[in-house]
Amino acid sequence: MRVLGVDPGLTRCGVGVVDGVAGRRLTMLGVGVVRTPADAELGVRLVAIERGIEAWLDEHRPEVVAVERVFSQHNVSTVMGTAQASAVAMLCASRRGIPVALHTPSEVKAAVSGSGRADKAQVGAMVTRLLRLDAPPRPADAADALALAICHIWRAPAQNRLQQAVAAHRTLKGPTA
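The rules behind these values
In every chain, residue numbers begin from 1 and rise along the written sequence. Local features in this predicted model are restricted to residues whose pLDDT is 70 or higher, and side-chain atom pairs enter the listing and the counts only when it is 80 or higher, whereas totals over whole chains, interfaces and linings include all residues. The basis for every side-chain value is the complete set of non-hydrogen atoms in the structure, without hydrogens or water. By the criteria applied, helices consist of DSSP H or I runs no shorter than four residues and strands consist of E runs no shorter than two, each listed in order from the N terminus. Only protein chains enter the accessibility calculation, which uses a 1.4 Å probe; a residue whose area is less than 20% of its type maximum is buried, one above 50% is exposed, and one in between is partly exposed. Should any heavy atoms of two residues lie within 4.5 Å, those residues are considered in contact. To be clear on the numbers: accessible area is Shrake-Rupley with a 1.4 Å probe, and residue cover counts the displayed protein chains and nothing else. Strand pairing follows a simple DSSP-based rule, namely that at least 2 bridges must link the two strands. Lines fitted to C-alpha atoms define the axes here, with helix axes fitted over just the stretch in contact, and angles between the N-to-C directions of these axes take values from 0 to 180 degrees. Each angle is binned into one of four classes, with values under 35 degrees roughly parallel, values over 145 roughly antiparallel, values of 65 to 115 roughly perpendicular, and all other values oblique. Crossing chirality is assigned from the near helix's rotation relative to the far helix, an anticlockwise turn below a right angle marking it left-handed and a clockwise turn marking it right-handed. Gly counts as polar in this scheme, as do all residues outside two lists: the nonpolar Ala, Val, Leu, Ile, Met, Phe, Trp, Tyr, Cys and Pro, and the charged Asp, Glu, Lys and Arg. A helix is expected to span 1.5 Å multiplied by its residue count minus one.

Here we come to the overall build of the protein chain. From N to C terminus, the protein chain includes five helices and five strands. Expressed as a percentage of its 177 residues, the buried residues of the protein chain come to 40%. Within the protein chain, counting contacts between residues at least 6 apart in sequence, those at least 24 apart form 63% of the total. When the accessible surface of the protein chain is split by element, carbon and sulfur atoms take 54% of a total near 9700 Å².

Of all five residues making up strand S4 (residues 64-68), five are buried, and the element is well covered by its neighbours. For strand S1 (residues 2-7) and S4, the ladder comprises four bridges, and the chain directions are parallel. Looking at the pairing, Val3 lines up with Val64 of S4. For S4 and strand S5 (residues 100-103), the ladder comprises four bridges, and the chain directions are parallel. Residue pairing for S5: Glu68 is matched across the bridge by His103.

This brings us to unusual backbone geometry. Following Arg138, the chain continues into Pro139 via a peptide bond in cis, with omega recorded as -5°. Along the chain, the position of Pro139 falls in the loop between helix H4 (120-130) and helix H5 (140-173). The phi angle at Arg61 is positive, at roughly 50°, despite the residue not being glycine. Tracing the sequence through the fold places Arg61 in the loop between helix H1 (42-60) and S4.

Okay, the packing of H1 against helix H2 (residues 76-95) next. The interhelical angle for the contact between H1 and H2, taken along N-to-C directions, is 40°, at an axis separation of 9 Å. Looking at the two axes, H1 sits oblique to H2. In this structure, the crossing between H1 and H2 has a hand that is right-handed. Here Leu42, Leu46, Ile49, Glu50, Ile53, Glu54 and Leu57 of H1 come into contact with H2, specifically with Gln84, Ala85, Val88, Ala89, Cys92, Ala93 and Arg95. Considered class by class, the residues forming the contact of H1 with H2 number ten nonpolar, one polar and three charged.

So, on to H2. Between its terminal C-alpha atoms H2 stretches 28 Å, which fits the 28 Å expected from 20 residues at 1.5 Å a residue. For H2, the secondary structure elements touched by its buried residues are S1, H1, S4 and S5. At the exit of H2 stands Gly97, carrying a positive phi of roughly 80°.

This is the structure in structure tokens:
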């Protein structure tokens, strides 16, 4: 499975591509950051993010795009920018018919480090180890994007089984009034 992980942000949108299956060695195919100037108009920044995501989709042809689920923070303007960048990534993938998966930060941290409360340094260290890299990707947004892709590769089989079980249960139960 080839997954493009996206750590959304208006100034730095982390992107990383990982190839692999659960229980096997993972391979990083690319990592980077789509940057936009903080002083640019919002629409211009969103178009720049779209162009960057589209370029990654063209180059790597992922089967799935894993995006960090936006969660409430104290700084509303930060949440809004993150949500807008997240929507751009989801739109780009959906326009191409590529499935989108959302993962919370704590899910990602738990998947790669074993603790949903891991800090950025711990996540970066585990991404480095899991992908057999010489050093943690910089900036942290890039490492977080790889962590999202890893999280999805490892969690997708279990999530698919759960979805199939729910669908089977609904089929056995029959239509409800």
